[in-house]
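Remarks on the overall topology
Here are the chains, one letter per residue:
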Amino acid sequence: MSSPAVVIVKTGRFPMAYGILGAIRSAHAAGLRTYAFADSTHVPYAWSRALTAPITRAPDVPCLLALAERTGPAALIAASDGAAVLIADNLDTLRHGGYLLPGIPSDLPRVVADKARLSHVAADCGVAAPLTVAGVDLDVEDFVTSGRLPVVVKTGQMWRNAHALDVVPTTIVEEAAVLREVVAARRESVVVQDYLPAQGAEDWIVNAYVDARGDVLFCGTARKYRSWLPGTGVACLARAEPNPQVDRLSRRLLQGVGYRGLVDVDFRLDPRDGIYKLLDFNPRMGAASRVFRSSAGLDLVQIALLDLVGRSPGPQEQQYGVRLLVENLDAPARFAYRSHVPRRPGDAVRLSWWDPSDPLPFLAMVPWQVGQWSLQVEKRVRQRVRSNR
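Below, the structure is looked at part by part. (Residues numbered from 1 in each chain as written. Predicted model: local features only at pLDDT ≥ 70, side-chain atom pairs only at ≥ 80, totals over all residues. Heavy atoms only, no water.)

A closer look at the sheet that holds strand 7 (residues 151-155)
Read across the sheet, four strands follow the order 6-9-7-8 without closing on themselves; strand pairing throughout is antiparallel. Both edges of this open sheet fall to strand 6 (132-134) and strand 8 (170-173), since each of them pairs with a single strand only. Each neighbouring strand pair of the sheet contributes to a mean axis angle of 25°, computed without reference to strand direction. In terms of strand pairing, strand 7 meets strand 8 through four bridges, oriented antiparallel. (Pairing = 2+ DSSP bridges. Helix = DSSP H or I, 4+ residues; strand = E, 2+ residues; numbered from the N terminus. Axes fitted to C-alpha atoms, helices over the stretch in contact; angles between N-to-C directions.)

Set out below in structure tokens:
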């Protein structure tokens, strides 16, 4: 009898998805056959020796059902908000097709991933969040005249624009003219949010797994020390550290919405009032999930997968002192932050790309990253030329 399988689903174009690579390696280490959706067979994570096969078709229900006939019973893991929405919308069909999934209300991923609705979800659960305005309630001039600049502008439903390479999910806007321009260009889906100052703030990531019974098998906290882009982007240097207050808030949130499965949540400590505020609720595996390990030596993805394939390890305690470094993103972030994060004795460092037993994804990533940097430089040069005309 072959080992159980894992299928990692993502929507949108994310060739540099180091989180998917981490999940592939975690599943392989747990003895599971692993399939992952990819833009092509040339993206860096498709080169991993831990990957049974990449799937280059666009994920939809017929494709997933056909894949299940090939793999046999398989745990299904969402690696993007769009994938989480797709799975939840078709939960019964996918289960009948052979996929192993925890139950979740069909509309929940769509609700919590919507930046326009998240503050209301947080309020219902007794969790603080930044003031958020969207849709008919959005009055740009109110932000301008009340002196509430800078603000954060986001796309409310990112998964609807997952195939657009130029979508900017989070933008800090400091000038009234720029705010008017950004809102006018993205009126249908724009969300404007109070900016929580980065100076004196703390950014925290929470990753958890809730089983089909509603038991939290793991809930871990990690501090985000550097991100790319600075202040708004994904973590490129994070360290697993205890934060009982953020842990309690996260558990309250998960219980309040009736969540099941893997989840990735972001909080920021607002330096103005000392309150932790919810920034993001991603109903899926997080990109930084490998910073979260249990004292038994299992990482978060392994805990979830083992439970889904009927080998639940039970509730797990977090191992602190694990550092995650995203090599290609932390390189520019070091210059932007101009600060050194000291390594503490006993810290275990996990690299997102480099693994001596699986080197090809790192080697494939380098030219991809150089190409992206080249395009960014070319774009800036063209913008400067236009502005000087």
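Right, picking up where we left off after that structure.
Description of the sheet that holds strand 10 (residues 202-210)
Overall, mixed pairing links the seven strands, which are arranged 14-13-10-11-12-17-18 in an open sheet. Strand pairing shows two members of the sheet lacking a second neighbour, strand 14 (275-282) and strand 18 (348-351), which therefore form its edges. Across this sheet, the average inter-strand angle for adjacent strands is 30°, counted without regard to direction. On top of the sheet, helix 11 (residues 327-337) reaches strand 11 (216-228), strand 12 (234-240), strand 17 (322-325) and strand 18; it is set at about 50° to strand 11, its chief contact. (Contact = heavy atoms within 4.5 Å.)

Observations concerning the state of the cysteines
The final tally for this structure, using the stated rule, is zero disulfides. The closest cysteine sulfur to the non-disulfide-bonded Cys125 is located on Cys219, 14 Å from its own sulfur. Given a relative accessible area of 12%, Cys125 falls into the buried group. (Disulfide = S-S within 2.5 Å. Buried < 20%, exposed > 50% of the residue type's maximum accessible area, 1.4 Å probe, protein only.)

Concerning the environment of Ser352
Position of Ser352 among the secondary structure elements: in the loop between strand 18 and helix 12 (360-388). Judged by its relative accessible area of 7%, Ser352 falls in the buried class. Each C-alpha atom of the pair Ser352 and Tyr259 lies 28 Å from the other, and the pair is 93 residues apart in sequence. Residues contacting Ser352, with those up to four places away along its chain left out, are Tyr18, Leu21, Arg25, Leu324, Leu325, Val326 and Glu327.

Focus on the pairing of strand 1 (residues 5-9)
Across the five residues of strand 1, five count as buried, placing the element largely inside the fold. Burial of the side chains of strand 1 extends over both faces: Ala5, Val7 and Val9 are buried on one face and Val6 and Ile8 on the other. The pairing of strand 1 with strand 4 (residues 74-78) spans five bridges and is parallel. By the bridge assignment for strand 4, Ile8 is matched with Ile77. The pairing of strand 1 with strand 2 (residues 33-37) spans four bridges and is parallel.

A short note on a nonpolar patch on the surface
Judged by side-chain polarity, Trp47, Leu360 and Leu363 come together as a nonpolar surface patch covering roughly 300 Å² of accessible area. Looking at the element boundaries, Leu360 is found in helix 12. A relative accessible area of 42% places Leu360 in the partly exposed class. (Patch = residues over 30% accessible without salt bridge, like charges linked within 9 Å, V, L, I, M, F, W, Y side chains within 5 Å. Areas by Shrake-Rupley, 256 points an atom, 1.4 Å probe, with all protein chains shown as cover. Salt bridge = Lys/Arg side-chain N within 4 Å of Asp/Glu carboxyl O.)

Things to note about the pairing of strand 14
With respect to burial, strand 14 is a largely interior element, seven of its eight residues being buried. In terms of strand pairing, strand 13 (residues 261-270) meets strand 14 through seven bridges, oriented antiparallel. Opposite Asp266, over in strand 14, you have Asp280 as the bridge partner. The antiparallel pairing of strand 13 with strand 14 creates a hairpin that spans four residues between the two strands, and Gly274 there sits at a positive phi of about 70°.

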